[in-house]
Amino acid sequence: KLPAPFAVPLSIPPVLPPLTSEGTTDFYEITMREAEAEILPGRSTTIFGYNGITPGPTLSVRRGRTVVVRQINALPQRHPTLRYECTTSVHLHGNATPPQYDGWAEDLSAPGFFKDYIYPNDQNERTMWYHDHAVHHTAENTYMGLAGLYITDEGRNIPLPSGRYDVPLVVQDKIFDTDGQFLFDDDGQKELMGDVILVNGRPWPVLQVERRKYLFRILNASTSRAYRLALSTGEPFTFVSGDGGLMPAPQQDKTFRIGVAERYGVVIDFAKYPIGQQVVLRNLELKNNEEFPSTRQVMRFDVVSEAADLTRNEVPAVLKPGGGQDDPMALQPSQARRTRDWRFERRRGQWAINGLFWDPRRMDAAPGLNDVEIWRFDNHSGGWFHPVHVHLIDFKILDRNGRPPFPYERGPKDTVYVGEGEVVRLIGKFGPHAGKYMMHCHNVVHEDHEMMTNFEVGKGGP
Ligand code: C2O
Ligand code: CU
């Protein structure tokens, strides 16, 4: 009794205006609370939402302005069914945030408390997301709905599609129980694979499109599921950005895999199709994903009219000149001060990095401030894939099993898909802040069950 696919329109998360502005600083206030949402048509589901909605409101931020977000935890004392205490920590994923505002997993705010997070927005433009990061309960809290977008001006200074032709797609999977509530079934702390696909909080929605180009900012905000996306027409996607902003040049591919927390900016040109054409965003087979017939499709685009507006209908051949000081795409292996090896594996029914479990007191690496390092991720865990995220930095993927990264991975990244038996090498510069940061698998069930560690930037050393 799953809801029918392609029966509801796509909705777009609302943009949150600042509460006040002063000089170069914008102040926002967000309240995390329990709320009811209509996700399945005609039914009500209890969620946790930033301002009571999921996905949360989008923060649309100008580069160069400082943002202060007061995050008020007004959640119930205990989760309605799982009964853990609803403490929170908010992480802005993709931002080089000073360590005290980075959503450290043990920097918890209890219900009834708030924390002000301060974000300098001095990095290049990008599509980020903010989400809960509470130690051992990130999976449950994000699954309940604590996730939203935070977009700096990515793509707005070049003639990529904008305005209503610039559409975020937050993709998630859920399991609903017979009462229409989210069921958290992580298969014995292994993974959560839902049979209902939501985009922007609605099941298999439809977007009516005009005959022109659209920019989609795709975020996989699922718990464990990865996707291998493709268009039903067999046409390729044009990739313009990765996690850390614009790619040097656009890339094409007919299909791409996207693990939890990865973002890709993708242009689709609907001028190729006649009015009346329906284009399904499909999800192809992916090793060690649990697929159901219902998870083979994500949403549908219905071509309904000629373009009302043909300005900004381009993909420039050069997206970003690059080569700047902090451009990870300009880094070369010869600049690296050291290479670190990280092994991801299953151990005693939990998930380990280099044989070790999460311990907030232990620092497993100490890069010097602004040191360039190569990190080598080795997936040793057999039948599992791990989307691995390094806080603070943007990186460039050097190779995977000795071969070049996929075309769509040739842009700045902060999360990398490390598939079964894969060894991925990346290069990044550890700055601009010193301090303690996390690195972990972003299958948040793995993260909560110990596949997370810390590094401390500043001292320089092993
Ligand atoms: Cu998206 Cu450590 O998080
Ligand atoms: Cu993992």
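Residues numbered from 1 in each chain as written. Chains lettered and ligands numbered in written order. Predicted model: local features only at pLDDT ≥ 70, side-chain atom pairs only at ≥ 80, totals over all residues. Heavy atoms only, no water.

### Regarding the domain arrangement of the protein chain
It is common to give the size of an interface as the accessible area lost on bringing the parts into contact. Split into domains, the protein chain comes out as domain 1 (20-151), domain 2 (163-306) and domain 3 (328-461). The centre of domain 1, based on its C-alpha atoms, is set 23 Å off from the matching centre of domain 2. The partner domain 2 presents 29 residues to the 26 residues of domain 1 that form the contact. For the pair domain 1 and domain 2, the summed buried area comes to about 2300 Å², and 63% of that belongs to carbon and sulfur atoms. For domain 1, the biggest contributors to the area lost against domain 2 are Ile39, Trp129 and Tyr143; these three give 32% of the whole. (Domains from an automatic or database assignment. Contact = heavy atoms within 4.5 Å. Buried area = accessible area lost by both parts, 1.4 Å probe.)

### Here we look at the sheet that holds strand 18 (residues 255-258)
Sheet architecture is open: 5 strands sit in the order 13-21-20-15-18, paired in mixed fashion. Each edge of the sheet is formed by a strand with only one pairing partner; in this case those strands are strand 13 (206-211) and strand 18. Here the average twist between neighbouring strands, direction ignored, is 25°. Two strands pair when backbone bridges link them, and strand 13 and strand 21 (residues 297-306) are joined in this way by 6 bridges, in the parallel orientation. Counted as the bridge partner of Arg211 is Glu306 from strand 21. (Pairing = 2+ DSSP bridges. Helix = DSSP H or I, 4+ residues; strand = E, 2+ residues; numbered from the N terminus. Axes fitted to C-alpha atoms, helices over the stretch in contact; angles between N-to-C directions.)

### What about empty space enclosed by the protein?
Per the counting criterion, the structure on display carries 7 cavities of 30 Å³ or more. Estimates place the volume of the largest cavity at around 40 Å³. Looking at the largest cavity, the residues that line it are Ile30, Leu59, Val69, Gln71, Val90, Leu92, Tyr119, Tyr130 and Tyr150. Breaking the lining of the largest cavity down by element, the ones donating at least two residues are strand 5 (66-73) and strand 6 (90-93). A breakdown of the residues in the lining of the largest cavity according to their chemical character gives 8 nonpolar, 1 polar and no charged. (1 Å grid on protein atoms, 1.4 Å probe; cavity = no way out; pocket = protein on both sides within 12 Å on 5 of 7 lines; lining within 4 Å. Points joined across faces, edges and corners; volume = space filled by probe spheres on them. Nonpolar A, V, L, I, M, F, W, Y, C, P; charged D, E, K, R; others polar.)

### Notes on the layout of surface pockets
It is the rolling of a water-molecule-sized probe over the atoms that shows where space remains empty. The volume enclosed by the largest pocket comes to roughly 620 Å³. What lines the largest pocket is a set of 34 residues, and nearest its centre among them are Gln123, Asn124, Arg126, Asp326 and Asp394. Residue classes in the lining of the largest pocket are distributed as 11 nonpolar, 12 polar and 11 charged. Two domains each provide a minimum of three residues to the lining of the largest pocket, namely domain 1 (20-151) and domain 3 (328-461). Reported here for the second largest pocket is a volume of approximately 310 Å³. Broken down by secondary-structure element, the contributors of at least two residues to the lining of the second largest pocket are strand 10 (166-174), strand 13 and strand 14 (213-220). Tallied by class, residues from the lining of the second largest pocket come to 10 nonpolar, 4 polar and 5 charged. Each of domain 1 (20-151) and domain 2 (163-306) contributes no fewer than three residues to the lining of the second largest pocket.

### Focus: the environment of Phe239
On the secondary structure map, Phe239 appears in strand 16 (residues 237-242). Residues Phe239 and Gln251, 12 residues apart in the sequence, show an inter-C-alpha distance of 5.1 Å. If we ignore the near neighbours within four places in the chain, the residues touching Phe239 are Met247, Pro250, Gln251, Gln252, Asp253, Phe256, Tyr264, Gly265, Val266 and Tyr408.

### Focus on the coordination of the copper ion (ligand 2)
His386 (ND1), Cys441 (SG) and His446 (ND1) make up the full set of protein donors to the copper ion (ligand 2), lying at 2.0 to 2.1 Å. Between the donor residues of the copper ion (ligand 2), the gaps in sequence give the motif H-x54-C-x4-H. Here Cys441 and His446 have matching classes, each one buried. (Donors = N, O, S within 2.8 Å, 3.2 Å for Na, K, Ca; no water. Buried < 20%, exposed > 50% of the residue type's maximum accessible area, 1.4 Å probe, protein only.)

### Quick word on the pairing of strand 6
Side chains Val90 and Leu92 of strand 6 all project onto a buried face; the interleaved residues His91 and His93 project onto the opposite face, where all are buried too. Inspection of the sheet shows strand 6 paired to strand 8 (residues 127-132) by 4 bridges, in the antiparallel sense. From the neighbouring strand, His91 faces strand 8, where its bridge partner is His131.

### With respect to the packing of aromatic side chains
Inspection of every chain in the model, using the stated rule, returns 31 aromatic pairs. Between the aromatic rings of Tyr50 and Tyr130, the centroid separation amounts to 4.7 Å while the plane-to-plane angle is 55°, which identifies the pairing as tilted. Here the residue Tyr50 occupies a position in strand 3 (residues 45-50), and Tyr130 occupies one in strand 8, the gap between them amounting to 80 residues. With respect to burial, Tyr50 and Tyr130 carry one shared label: buried. Plain terms: the ring middles of Trp342 and Trp375 are 5.0 Å apart, the flat faces sit at 50° to each other, and that makes the pair tilted. (Phe/Tyr/Trp six-rings, centres within 6.5 Å; stacked < 30°, edge-to-face > 60°.)

### A word on the pattern of salt bridges
Under the definition given, this model contains 33 salt bridges. For Arg62, the salt bridge identified is with Asp153, shortest N-O distance 2.8 Å. Separated by 91 residues along the polypeptide, Arg62 in the loop between strand 4 (59-60) and strand 5 and Asp153 in the loop between strand 9 (147-151) and strand 10 bring together distant segments of the chain. We classify Asp153 as buried; its relative accessible area is 11%. (Salt bridge = Lys/Arg side-chain N within 4 Å of Asp/Glu carboxyl O.)

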